[in-house]
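# What the coordinates show
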Amino acid sequence: MPDPVQAISVPERTLMGPGPSNCPPSVLTAMAQPTVGHLDPWFVERMNEVQAMLRAVMRTENRLTLPISATGSAGMETCLVNLIEPGDRCVVGVNGVFGQRMSDIVQRAGGELVRVEAPWGRPLDSADIEAAVKAGPTKLVAVVHAETSTGVLQPLEEVSRIAREHGALFVVDAVTSLGGHAVLVDEWGIDACYSGTQKCLSVPPGLAPVSFSDRAVEALRARKTKVQSWYLDLNMICSYWGEDRVYHHTAPINMIYALHEGLRLILGEGLEARWERHRRNHELLKSGLAELGMELLPKAEDSLWTLNAVRLPEGVDDLPARKALLVRFGLEVGGGLGDLKGKIWRVGLMGHNSTERNVTLFLSAARAVL
Ligand SMILES: *Cc1c(COP(=O)(O)O)cnc(C)c1O
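Per chain, the residues get numbers from 1 upward, laid out in the order the sequence is written. Reporting of local features is limited, given that this is a predicted model, to residues whose pLDDT is at least 70; pairs of side-chain atoms are given and counted only at 80 or more, and all residues count toward the totals for whole chains, interfaces and linings. Processing note: side-chain calculations cover all non-hydrogen atoms of the structure and skip hydrogens and water entirely.

What follows is about the overall build of the protein chain. Along the protein chain, the regular secondary structure elements total 12 helices and 14 strands. Every residue pair with non-hydrogen atoms within 4.5 Å of one another is taken to be in contact. Within the protein chain, contacts between residues separated by at least 24 positions form 71% of all contacts whose residues are at least 6 apart in sequence. Using a 1.4 Å probe, the Shrake-Rupley method yields the accessible areas, and only the shown protein chains count as cover for residues. Of the roughly 15800 Å² that the protein chain leaves accessible, carbon and sulfur atoms contribute 53%. Between the centroid of the 37 positive side chains of the protein chain and the centroid of its 43 negative side chains there is a distance of 3 Å. Working definition: helices are DSSP H or I runs of at least four residues, strands are E runs of at least two. Numbering for both runs from the N terminus. Within this scheme the basic residues Lys and Arg register as positive and the acidic residues Asp and Glu register as negative, but His and the chain ends are omitted. Taken as the charge centre is NZ of Lys, CZ of Arg, CG of Asp or CD of Glu, depending on the residue.

In this section: the pattern of salt bridges. The rule for a salt bridge is simple: a side-chain nitrogen of Lys or Arg has to be within 4 Å of a carboxyl oxygen of Asp or Glu. Going through the model one piece at a time under the given rule, you end up with 19 salt bridges. For Arg-161, the salt bridge identified is with Glu-158, shortest N-O distance 2.7 Å. Taken together, the positions of Arg-161 and Glu-158, both in helix α6 (residues 157–165) and 3 residues apart, correspond to about one turn of that helix. Each residue is placed in one exposure class: buried if its accessible area under a 1.4 Å probe, protein chains only, is under 20% of its type's maximum, exposed if it is over 50%, and partly exposed if it falls in between. For Glu-158, a relative accessible area of 36% gives the class partly exposed. For Glu-269, the salt bridge is made with Arg-277, and the minimal N-O distance between the two is 2.7 Å.

With that out of the way, let us pick up the packing of helix α3 (residues 72–83) against helix α4 (residues 97–108). Axis definition: a line fit to C-alpha positions, over the contact stretch in the case of helices; interaxial angles, taken between N-to-C directions, run 0 to 180 degrees. The geometry of α3 relative to α4 is characterised by a closest axis approach of 10 Å and an angle of 45° between their N-to-C directions. One finds that α3 runs oblique with respect to α4. Seen from above, α3 lies across α4 with right-handed handedness. Taking contact as the criterion, the partners of Ser-73, Met-76, Glu-77, Leu-80 and Val-81 in α3 are, on α4, Phe-98, Arg-101, Met-102, Ile-105 and Val-106. For the contact of α3 with α4, a count of residues per class yields 7 nonpolar, 1 polar and 2 charged. Roughly parallel means an angle under 35 degrees; roughly antiparallel, over 145; roughly perpendicular, 65 to 115; everything else is oblique. With the far helix as reference, a near helix turned anticlockwise by less than a right angle produces a left-handed crossing, and one turned clockwise produces a right-handed crossing. Polarity classes work like this: nonpolar for Ala, Val, Leu, Ile, Met, Phe, Trp, Tyr, Cys and Pro, charged for Asp, Glu, Lys and Arg, and polar for all others, with Gly in that last group.

Expected helix span is computed as 1.5 Å times (number of residues minus one). For helix α12 (residues 356–369), with 14 residues, the first-to-last C-alpha span of 20 Å sits near the 20 Å given by 1.5 Å per residue. All of the buried residues along α12 are Asn-358, Val-359, Phe-362, Leu-363, Ala-365, Ala-366 and Val-369. The inward-facing, buried residues of α12 contact β1 (14–15), α10 (271–291), α11 (318–329), β12 (331–332) and β14 (344–348).

This brings us to unusual backbone geometry. Residue Asp-3 is joined to Pro-4 through a cis peptide bond whose omega torsion reads 0°. Mapping Pro-4 onto the fold places it in the segment before β1. A positive phi angle is found at Arg-59, which is not glycine, with a value near 50°. Topologically, Arg-59 is positioned in the loop between α2 (41–57) and β2 (64–68). Accessibility expressed as a relative area gives 33% for Arg-59, which makes it partly exposed.

The next point concerns the nonpolar core. Nonpolar side chains tend to gather and get buried jointly when the protein is soluble and globular. With 89 residues, the main nonpolar core has Ile-68, Leu-80, Leu-83, Leu-140, Val-171 and Phe-212 as its most contacted residues. The element best represented in this core is helix α9 (residues 253–269), accounting for 8 residues. Excluding residues that lie within four positions of it along the chain, Leu-83 makes contacts with Asp-88, Lys-139, Leu-140, Leu-169, Val-171, Ala-192, Phe-212, Ala-216, Ala-219 and Arg-223. For this analysis, a nonpolar core means a set of buried residues of the types Ala, Val, Leu, Ile, Met, Phe, Trp, Tyr and Cys, connected via side-chain atoms within 4.5 Å.

Any residue with a heavy atom positioned within 4 Å of a molecule or strand is treated as near that molecule or strand. Around the ligand, 13 residues are found, and the nearest of them are Thr-71, Ser-73, Thr-148, Asp-173 and Lys-199. Here the ligand has 380 Å² of accessible area as a free molecule, and 90% of this is covered by the chains. Looking at the shell around the ligand, the elements with two or more residues in it are α3 and α4. A per-class count over the shell around the ligand returns 4 nonpolar, 6 polar and 3 charged.

Let us look at the domain arrangement of the protein chain. Boundary definitions for the domains trace back to an automatic or database domain assignment. Entries for the protein chain in the domain assignment read domain 1 (14–19 + 271–369) and domain 2 (25–267). For domain 1 and domain 2, the distance between their C-alpha centres works out to 26 Å. Facing the 24 residues of domain 1 at the interface are 30 residues of domain 2. For the pair domain 1 and domain 2, the two sides together bury roughly 2200 Å², of which 62% comes from carbon and sulfur. We define buried area as the total accessible area lost by two parts upon association, computed with a 1.4 Å probe and summed across both. Contact with domain 2 buries area across many residues of domain 1, yet Leu-271, Trp-275 and Leu-304 alone supply 29% of it, more than any other trio. Between the two partners, domain 1 and domain 2, sit 2 salt bridges. Two residues, Arg-59 and Glu-272, come together in a salt bridge whose shortest N-O distance is 3.2 Å. Contacts described as polar in this section are N or O atom pairs within 3.5 Å, which, within protein, must combine one atom able to donate a hydrogen with one able to accept it, while residues neighboring in sequence count only if both atoms come from side chains. Put simply, domain 1 and domain 2 have 11 residue pairs in polar contact (both at pLDDT 80 or more) between them. Where the side of domain 1 that touches domain 2 is concerned, the elements lending two or more residues are α10, β11 (307–311) and β14. Counting residues per element, the side of domain 1 that touches domain 2 draws most heavily on α10, at 5 residues.

Written as structure tokens, this is what we have:
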């Protein structure tokens, strides 16, 4: 430790990995405003606005829509531990890291885990999900909409129909899709949906928006056992975010300011315009990659617009090349996980960062280091 310790001086970075993404300046400015009390009437009004804006961004009327005070993984855990009681049969789609993480949580919550798998880089087959749901009384079906480990987009409407037909709740991870792809919570019959602030919402990591349908709220109210987690128990969190304002924990005030501004910007841009911007810049990246002789891991029709899993050319040494991007261009991209380690780069075009400028920066930097 140097004596005295120097104040931090943050290097300039373009964050084109799997998250976090860069925040718009006004989000950072909002965050730097003075902290007020978490039950201050002025702040309570801002909490209400955040909830209303979240409903608009998630395309839902669900009353129970609020940000959990922790990162995206806590959103995942919130949805699962509030709905699962010991012995509940849960069908989980696994075609990447985040489906695996859901499976882990299901087991820790005492659920009976039924995994439906697809190869990494491919979406789940709804026929496989249907077979699994038919094989026994099922409490919930959980899938990842945007698998950040593989760049695959999972179509949701068919899975939703299957869950509903068999009386199961439908849980969706929208961490890397919300704010980049359409996430239509009500129209698609999603019962529990969660996201994270640091991906396509372009707000720092630290909050996890969640939304519960009336059916999910009923399941929560009908529990015979207490929710395993004190911190993530939605019964208590709702009393804090609801009319009673019963103290549960202290909301991370300045993060709520940041989310308030991030959501305001998204609604100002317009959701459809924002989705279209993500599509356009993904297409631009794809054609630039083709010129470099590189391609994406998933098929074109399965590819996310927000996270591009780019196959590395033969003979490229992953780590030194990514280090060169960072040192020479201040550019961060992600490496592959699991079996894909050393084989792909994960190039994010999320929220504020989905721009033609960033596509061009990545392509020319990649040309220089490869
Ligand atoms: C990033 C991510 C998470 C976890 O979010 P954290 O903020 O890292 O906790 C969960 N699911 C998906 C699909 C993600 O991309």
